[in-house]
Amino acid sequence: MSFLKHLQHAVESYFFVVQLSRSATFSEIFSYTACRQVLQLFLALIFFHVSEYFLAISFHGRSNVTLRSLLFSKSYILAMTFALLEYCLEVYFFPGLKEHWWISNIGLAILVMGEVIRKMAIITAGQAFTHLIKIYHEEHHKLVTSGVYSFVRHPGYCGFFIWSIGTQIMMCNPISTVAFAVVVWSFFARRIPYEEYFLRQFFGSEYDEYARRVPSGVPFVK
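Throughout, residues of each chain are indexed from 1 in the direction in which the sequence is written. Local features in this predicted model are restricted to residues of pLDDT 70 or higher, and side-chain atom pairs are both shown and tallied only at a pLDDT of 80 or more, whereas totals for entire chains, interfaces and linings draw on every residue. Side-chain numbers come from the whole structure's heavy atoms, not from hydrogens or water.

On to the overall build of the protein chain, then. Counting its secondary structure elements, the protein chain contains 6 helices and 0 strands. For the protein chain, the succession of helices and strands along the chain, N to C, is α-α-α-α-α-α. In this scheme, a residue with accessible area under 20% of its type's maximum is buried, one over 50% is exposed, and one in between is partly exposed, where area comes from a 1.4 Å probe on protein chains only. Per-residue burial over the protein chain gives 41% buried out of 222 residues. The criterion used for residue contact is that any of the two residues' heavy atoms lie within 4.5 Å. Residue pairs at least 24 apart in sequence account for 80% of intrachain contacts in the protein chain once pairs closer than 6 positions are excluded. Only the protein chains shown count as covering a residue, and every accessible area follows the Shrake-Rupley method with a 1.4 Å probe. Roughly 13500 Å² of accessible area belongs to the protein chain as shown, and the carbon and sulfur atoms make up 71% of that amount. Under the DSSP-based scheme used, a helix requires at least four consecutive residues in state H or I and a strand at least two consecutive residues in state E, with every element numbered from the N terminus.

Have a look at this one:
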């Protein structure tokens, strides 16, 4: 009986130490890794949306800009909620997955690159840049082919595509990285031909020639 009691005590002590070690590890990861990555995500989201709104105001005037320029939609909010849910589950069950800092830092660099490309597109286009597709030609709407537009036809879309994927690589979210890439690509694969239909109506052969020599900026979308 004495042997069994000692054995029971040893087993209980072992599991207590293991549980304490796991708790400490989780606490450490949550206090540093998760807080840093989640904070980076929220800062990226705040900067992206607020800057979009104020740039729209600066080019189009406050009276011509609505809260839609913040670019929030039900689908977008759902996607970000899914990404945060994935992150929370993985940081709890697979905390080591979030510790690949070289991947997270690459994602941060991709995010910044996408942000820079998109903002360059907005600033270069000026009044010609709108968050909604123009179906009627306005006097100030000119075909912009200089600056970043000399490299890709839709740098705003290209930048957002890169930025959105970067947010998930930064979070080390494997499922959301793939999901964001597929969903955002599918959205632009439909939107670009629709938008270019009107651009060809507005600018005719000038746009045709431009489209022939400059890629769209979104992979596999002509």
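With that settled, consider the layout of surface pockets. The distinction between a cavity and a pocket rests on a 1 Å grid over the protein atoms alone: a 1.4 Å probe fits inside a cavity but cannot get out, while a pocket stays open yet meets protein on both sides within 12 Å along at least five of seven lines, and a residue with an atom within 4 Å of a point counts as lining. Grid points are joined across faces, edges and corners, and a volume is the space filled by probe spheres set on the points. Taken as a whole, the largest pocket spans an internal volume of roughly 1200 Å³. Contributing to the lining of the largest pocket are 44 residues, with His131, Tyr157, Phe187, Phe188 and Arg191 lying nearest its centre. Counting only elements with at least two residues in the lining of the largest pocket, the list comes to helix 2 (74-93), helix 3 (101-125), helix 4 (155-170), helix 5 (174-203) and helix 6 (205-213). Of all the elements, helix 5 adds the most residues to the lining of the largest pocket, at 11 residues. Classes in brief: Ala, Val, Leu, Ile, Met, Phe, Trp, Tyr, Cys and Pro nonpolar; Asp, Glu, Lys and Arg charged; the others, Gly included, polar. Residues belonging to the lining of the largest pocket are distributed by class as follows: 29 nonpolar, 8 polar and 7 charged.

Looking now at the packing of helix 2 against helix 5. Orientation is described by lines fitted to C-alpha atoms, with helices fitted over the stretch in contact, and by angles between N-to-C directions that extend from 0 to 180 degrees. The contact between helix 2 and helix 5 brings their axes to 9 Å, and the two run at 160 degrees. With respect to helix 5, the axis of helix 2 lies roughly antiparallel. For the pair helix 2 and helix 5, the crossing hand works out as right-handed. For the pair helix 2 and helix 5, the contacting residues are Ala79, Met80, Phe82, Ala83, Glu86 and Glu90 in the first and Pro174, Ile175, Ser176 and Phe180 in the second. Looking at the contact of helix 2 with helix 5, its residues break down into 7 nonpolar, 1 polar and 2 charged. Small angles under 35 degrees read as roughly parallel and large ones over 145 as roughly antiparallel, with 65 to 115 read as roughly perpendicular and the rest as oblique. Here is the rule for handedness: rotate from the far helix to the near one, and if that takes an anticlockwise turn smaller than a right angle the crossing is left-handed, while a clockwise turn gives right-handed.

On to the packing of helix 2 against helix 4, then. With their axes 11 Å apart at the nearest point, helix 2 and helix 4 run at an angle of 30 degrees to one another. When the axis of helix 2 is compared with that of helix 4, the two are roughly parallel. Handedness of the helix 2/helix 4 crossing: right-handed. Together, Tyr76, Met80 and Ala83 of helix 2 and Phe160, Trp163, Thr167 and Gln168 of helix 4 make up the contact between the two elements. Taken together, the residues of the contact of helix 2 with helix 4 break down into 5 nonpolar, 2 polar and no charged.

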